[in-house]
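# Fold and contact review
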Amino acid sequence: MTMTSIRIDGRDCPTRSGINLLQACLEAGASLPYFCWHPELGSVGACRQCAIRQFSGPDDTKGRIVMACMTPVSENTIISIDDPEARDFRASIIEWMMVNHPHDCPVCEEGGECHLQDMTVMTGHNARRYRFTKRTHRNQDLGPFVKHEMNRCIACYRCVRFYRDYAGGDDLTVFASHDNVYFGRAEDGTLQNAFSGNLVEICPTGVFTDKPFSAVYSRKWDMRGAPSVCVHCAVGCNTIANAREETLRRVLNRYNTDVNRYLLCDRGRFGHGFVNAPTRIRTPLRTIDGQQVPVPMADALTAFARMAARGRVVGIASPRAALETCFSLHALVGPQHFCTGQTRQEHECVELAHALLDRHPGALPTMHEMESADAVLVLGEDVCATAPRLGLSLRQSVRQASFHTADDARVPRWMDAAVRTLGAECPSGLYVLTPAPTDLDGVAAETLRAAPDDIARLGFAIAHEIDPAAPAVTDLAPDDVLLAARIAHTLVAAGKPLVVSGMQYGAPALMQAAASIVAALARATPEAGLSLGLPECNSMGLAMMGGMPLETVMEQARAGEISTLVITENDLTRHLSPADVAELVAAVADIVVIDHTATPLCQQASLVLPVAAFSECSGTLVSQEGRAQRFFQAVFPPAPIQAGWRWVQALARGLDPSLLHMAGLTGWRDLDDVLAAMAVAFPRLAPAAKAAPGADYRMNGQKLRSQTYRASGRTVIRSFVNVRDQPPPGSPDAPFSSSMEGAFGPDMPAALVSGYQASPWNSVQALNRFQHEIGGDMRGGASGIRLLSRTASDEAGPRPYAYATDIPTPHTAQADTVVVLPDTRLFGSEELSMHSPSIMARATAPALGLPAGMATSRHMVLHLDDGAHVLPVEPVPGLPAGIVLCPAHMVARAFRFPRVARLERIPDEGERS
Amino acid sequence: MLTAEAPLPAPVRAEILALAAREPHPRGAGVAALRLVQARFGWVSTAHLREVAGLLGMSADDLDGIATYFNLLFRRPVGRHVIMLCDSVSCWIMGRGPLCAHLCRTLGIKPGETTADNAITLLPTVCIGHCDHAPAMLVDDTLHGDVDTATLDRLIDTLRDTP
Amino acid sequence: MTPPTERPLTAMIDPAAGPPDCAAYERAGGWQATRNALGRLAPAGIIDMVTRSKLRGRGGAGFGTGQKWSFVPKEPAADRRKYLIANADEMEPGTFKDRLLLEGNPLQLIEGMILAAYGVQAGHGVIFLRGEYHLACARLHHAIGEAREKGWLGENILGSGFSFDIRVHSSAGRYICGEETALLTALEGRRATPRSKPPFPQTGGLWGAPSVVNNVETLCNLPHIITNGPEWFAGLGLGEDGGTKIYGVSGRVVKPGAWELPIGTPLRQIIEDHAGGMRPGYRLRALLPGGASTAFLDATAIDVAMDYGSVEKAGSRLGTGMAIILDDRTCPIGMIRNLEHFFAQESCGWCTPCRDGLPWVERLLDAIENGSGQEEDMDQLGRHARMLGAPGRTFCAHAPGAMAPLASGLKLFAADFAAHIQQGRCPQQPGA
Ligand SMILES: Cc1cc2nc3c(=O)[nH]c(=O)nc-3n(C[C@H](O)[C@H](O)[C@H](O)COP(=O)(O)O)c2cc1C
Ligand code: SF4
Ligand code: FES
């Protein structure tokens, strides 16, 4: 895009050619109201709110009214926003929208952060002239996430455009016509799309609101906000945590140009309920005479000192704990006694993913860059379940061909409806090769159902097809040879090909194959990208720290070398079989669990210490693409709930300093100290310190406020404790005042944006004030920092790539056993979100997925390590013979894949056996 | 007997699939398929709508968004006969108002309703292109022009008697 | 088609006899244009002839037909999927000309479509027929079947290498489907929301493919243009425009109906000579010259020539050329209310001003007509007429069309509006 300049009401404003005038006006700081336009959804010109007057040249005094969102910036554009007729028209638009609106702002949960309110004030419409009756609608029950109040609808069509066109949902639509249009479902029922929660933010009024939040509702201005990062998968979406009365109330999207941008998945938005769940641990618990009893903090620490004095302490970290927590444990026990908390298989897969991403010669695309990949190969990973937001990005990638058609037709890419019309029959460049159907199949050019090993073989064959130097695959079926050639051809022809895989099926060969393809492509196309899915929010951070797998801990324990295990935020029962857990518990004298949630492992512990959840402390997570990101404290829980590293430090203070691996540990004052120490110990993690400004950051000499100026009186906000004015709680770890005092503004560092508000914009759409360019970078710079990068090696040219050569043998169905693969679920497979009531309500009962031909009775028995499981049966279209799908962690808690198991048929009732 | 709840008869399903097959995308046959069902059953029940949606590879919600958009697709049962009395301008000038009142009185229903004996549904319709013979109406598929109360009365009698 | 006649479009139409079959159609001169054109004239030559004939679209907007076609990408039909679509939605109140052509001589439309399709090299024809036209539907199906059987439709027509076939889409009732982009959306099995341009249908239309949408009457002219030459056609018109036009009159005239006349025939001639003048006891008060979405002309405009330019100069639009007469004993406010009810109901619901403005207008008119009008209502009506009437304010031309009779009516019938509001009742209603 080239720079140009437009004249808005006599003022010359620099802008870019090719964008639309609405965007240009907003970027120029003008407050031009709009509804149907959305930066991620483009323009359709439905609401007619953004009317301005455009003049054809300096001599044109008449001009004509146009919709800014539908008009491209061109050289020497002259427009007027203040034009009386345009103003009048814009006020009329609001007046029309309000004809049937219930005027229920006082009881509406959108109130105070409502785009319609903002726009109403902005246009100046304030007196009702319509004197007839309003039409009313019936509302629907849309399930546990989203509330529906159709009477507030202004028919901007954003909801259906997002839900259907953007997110691929098909159970929300528009019904009827004229002023009777109705946005909802054919019948009451749960919205099925994985991104339904975004309706809450996409809808500019109160039609769709956050249902779990509704139960603990507070006005936006009465909540504290903190920039946060989602902990429910490894993608690392940025969020805003809102809190009041020291409870977490809701999670909103936080814009990050490179990552999630405007959208979150439902697991991320609604998974936070674990923080307030009854399963939360709030006090230290000590096992005395076989009973777990609450004890004061000092008592717990003394008890630990006694335990540690008896013998060796080994630390088990967790891929779902923050870097600082993991590192503090490392500092306590040292590398020889530090375990990553993963089984060898998990551990090696993650390390492999890290190594491959680090080593392969192609690009490391951001999620946003993946949206513009023009050919995508998904190799054996159901991304929509393991990394949902990434799946949404891949869904957008299939639009590339339609963008090129639009370019040819000189239709700007943001002309959403027009581009979709032109693209009606544009081919997709997405190939999905997975064992079972995925949500992306509907937009794929081709799909293939095969066993992970066979998919890996196909992947190696594709790599060989692209680069003959890559090893060849023998005995491929003729159809597969052709498919490999087709896919190779598409990838080679693409300007920005992308290969996505991951460790869902625990198959290193899949990731190797994916990396080989990218390496082969990168010889001619350095933009060829690789993306690998990891299981947990800090899997990558932990991989970069290293450590031993759980199997090694088991061995040491069996050898009697371990006296005390300190386990941070890890429920080992999800990783180890019940027998292994029992053996481990028996072999060590004491187990100390530092966690926020009462997991089954806590039952086995001598000491349980209540740790702060993500919303209650600050810390750093490294996403699967190697992006270190900081989350900040929104809630100030009563002591002794504290950050993981503070607990470890507290434990360390009770020990003889000579026992500490890193004696400095006891002297750390704040998060910055921890990060500084980590930078020394792990130079590769050093940049993580810069993921966000440190605690000493000041803007205009002040800390940043995390409440709006409008917050109701401080006495009120703490009245549940005491009506007397109290000093607001503070944290030494963050540059936030945690109150309404302090600096705040669109230019503050993006990593510290605790909410969007910039008068007269009070809704989430105030975001446009915080961006340099709409949909582009934040004014306050980047949020987070990439730890994996190409820069160093790039200058030296692509490094030689050693292709993996261990190509798996083909899968063959066995007569007496089946291969059990995880049926990873958006709701149900992830540990923490399953404590969130709304997510629990969305998790369907476990069932066994079988190849269609095998589902001959309603129930079957699956024999796993931990015993026999009777499960209802569901046929899975296309699932290869000899493979069954079992919901991860829902049947057997610890479940290592792939697993060969015995399956037994139960005759249906009334069936003769 | 064919009911709106029973699955669609095989020939109807086959015809819908044939309609879908000639479109670049099966959804192009949506309106045609719904009209086909309506021609057979008088209206489009939810059960049938779902079935048609399945045949066209669409969600029921999606197809219902279309069904409820168009005036001539009925999502509620109608009587054995449907009188669609034009309510547009030429017919209005030529006296459709009093005629409508007469019909309502005679049938004992309001526009949009069906007589108790399920014989007749009365609906308003936009201009049916018979303005030179206004007031005009469609009775089922047949166009009637220059309608007056006398012709209406005769017509109602015959409709009540025909199945 | 010999001999040249002044009623080329309707010469073969005989309501008593029903439509001609293929043989009768051919005996009367049909298919000659197809024989002359296919394989003998270059497609570009057809477009050129149509441009020179000065044929303008009969669907209401009056765009030059040849010019419209010239934007279609030129690849041969075999190389690229393109569509030729006959707009037979005819839902404009007061309009019944296309039904006449469809029922009276469907083969003429089919031949017109073949010629148009050949000109723009479209292999796929669709007739978008309004759902209520049952008789036309049956006759079209029959005629298409017959034409196909006789080789006029299908593969390699007349050995020319050009293949073309037609199918009928029976719509399900929605005025907006007549708007050409909404029509395309409807054909794709979606809610018939209009589309923004670009892309114009000629480059990105049905399913994204190049598509031409022409009105039935427009297409029916083509065989005659090809057979008799563009100059002959251009000469048929009395003024600037070429050809004949089907004019119609409804309302309280002696003989309401439709007649094919040279385009540019004066309105007076149509009303007095063909429609027989006003019924005894009724005087002409005003009229909508070309359907519900054209502005009122009062009785003084009766000498206007019914061509595109002249009607526009008089302050309205030729539209469909089907006039609706307001007599002196019908309440103009009642009439406008009826029109606005139609437009409000037929709004597709996509854009705010139309969706929520038109129902407001309707209610205001209801109130005024029913005697509960207030002085401020006139400001509101005026505001709506201004806000919705100007082009570019709403997404498509539906709302401006709706405002044409309102805006003109507010001026012409100001005294009637005032009387309603002052008297608190309709002065023209029984009992007044
Ligand atoms: C609201 C609206 C309704 C329309 N309805 C019709 C119609 O029923 N029939 C028709 O031929 N054109 C109709 N048109 C005009 C079409 O959009 C289009 O201009 C026409 O079909 C083009 O054909 P022509 O160039 O042959 O006139 C309508 C336009 C609008 C804005
Ligand atoms: S003006 Fe707007 S709402 Fe009205 S028919 Fe056109 S697009 Fe639909
Ligand atoms: S934002 Fe421009 S028309 Fe809606």
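Attention in this report is confined to the structure presented alongside it.

Parameters at a glance
- Residues numbered from 1 in each chain as written.
- Chains lettered and ligands numbered in written order.
- Predicted model: local features only at pLDDT ≥ 70, side-chain atom pairs only at ≥ 80, totals over all residues.
- Heavy atoms only, no water.
- Helix = DSSP H or I, 4+ residues; strand = E, 2+ residues; numbered from the N terminus.
- Buried < 20%, exposed > 50% of the residue type's maximum accessible area, 1.4 Å probe, protein only.
- Contact = heavy atoms within 4.5 Å.
- Areas by Shrake-Rupley, 256 points an atom, 1.4 Å probe, with all protein chains shown as cover.
- Lys, Arg positive; Asp, Glu negative; His and termini not counted.
- Charge placed at Lys NZ, Arg CZ, Asp CG, Glu CD.
- Near = heavy atom within 4 Å.
- Polar contact = N/O pair within 3.5 Å; in protein donor to acceptor, adjacent residues only side chain to side chain.
- Nonpolar A, V, L, I, M, F, W, Y, C, P; charged D, E, K, R; others polar.
- Arc of directions from axis to C-beta.
- Disulfide = S-S within 2.5 Å.
- Pairing = 2+ DSSP bridges.
- Axes fitted to C-alpha atoms, helices over the stretch in contact; angles between N-to-C directions.
- Buried area = accessible area lost by both parts, 1.4 Å probe.
- Salt bridge = Lys/Arg side-chain N within 4 Å of Asp/Glu carboxyl O.

Now for the overall build of chain B. On a plain count of helices and strands, chain B comes out with seven helices and four strands. Shown N-terminal to C-terminal, the secondary structure of chain B runs as helices and strands in the order α-α-α-α-β-α-α-β-β-β-α. Expressed along its principal axes, the backbone C-alpha trace of chain B runs to roughly 50 × 30 × 25 Å. When each of the 163 residues of chain B is scored for burial, the buried share is 56%. Across chain B, the fraction of contacts at a sequence separation of at least 24, relative to all contacts at a separation of at least 6, is 61%. Accessible surface computed for chain B: about 6,600 Å², of which carbon and sulfur atoms make up 56%. Looking at chain B, you have 14 positive and 18 negative side-chain charges, and the mean spots of the two groups are 4 Å apart.

This next bit is on the site of ligand 1. All names here are of chain C. Close contacts around ligand 1 come from 19 residues, with Gly59, Lys68, Asn87, Asn215 and Thr218 the closest. Within the side chain of Asn87, an N or O atom sits 2.8 Å from an oxygen atom of ligand 1. Within the contact set of ligand 1, a nitrogen atom lies 3.3 Å away from a backbone nitrogen or oxygen of Gly178. Its free accessible area being 610 Å², ligand 1 has 90% of it covered by the protein chains. Element by element, the count of residues in the shell around ligand 1 is highest for strand β4 (residues 211-215), at three residues. Grouping the constituent residues of the shell around ligand 1 by class yields five nonpolar, eight polar and six charged.

In this section: helix α14 (residues 400-408) of chain A. Residue and element names in this part refer to chain A. Within the span of α14, buried status applies to Gln400, Ser402, Phe403 and Ala406. Each buried residue of α14 lies within a common arc of 160° when the element is viewed along its axis, so the set occupies one face. Taken together, the buried residues of α14 touch α11 (367-371), α13 (388-397) and α15 (416-422). Phi turns positive one or two residues past the end of α14, at Arg410, with a value near 60°.

On inspection of all chains with the given rule, the structure shows zero disulfides over all chains. Free of any disulfide, Cys602 of chain A has its nearest cysteine sulfur in Cys326 of chain A, 17 Å distant. We note that Cys127 of chain B lacks a disulfide partner, and the nearest cysteine sulfur, in Cys131 of chain B, lies 3.5 Å from it. For Cys127 of chain B, a relative accessible area of 3% puts it in the buried group.

On to the sheet that holds strand β20 (residues 497-502) of chain A. Within a sheet, neighbouring strands are paired by backbone hydrogen bonds and run either parallel or antiparallel to one another. Residue and element names in this part refer to chain A. On the basis of which strands lie adjacent, the open sheet formed by five strands has the order β19-β18-β17-β20-β21 and parallel pairing. The strands lining the two open edges of the sheet, one partner per strand, are β19 (446-449) and β21 (529-533). On average, each strand axis in the sheet is inclined to that of its neighbour by 10°, with strand direction left out of account. Across four bridges, the pairing between strand β17 (residues 375-379) and strand β18 (residues 430-434) is parallel. Note on β18: the bridge partner recorded for Leu379 is Leu433. Each of β17, β20 and β21 touches helix α18 (residues 508-522); the most contacted strand, β20, lies at about 165° to it.

Interface size is commonly expressed as the accessible area that is lost once the parts come together. Taken together, the contact between chain B and chain C spans 35 residues of the former and 53 residues of the latter. Of the roughly 3,600 Å² buried between chain B and chain C, counting both surfaces, carbon and sulfur atoms make up 58%. Of all residues in chain B, Tyr69, Trp92 and Ile93 of chain B bury the most surface against chain C, accounting for 19% of the area lost on that side. Here chain B is connected to chain C by one salt bridge. Notably, a salt bridge pairs Glu23 of chain B with Arg167 of chain C, separated by 3.0 Å at the nearest N-O pair. Applying the counting criterion to the chain B and chain C interface returns 21 residue pairs in polar contact (both at pLDDT 80 or more).

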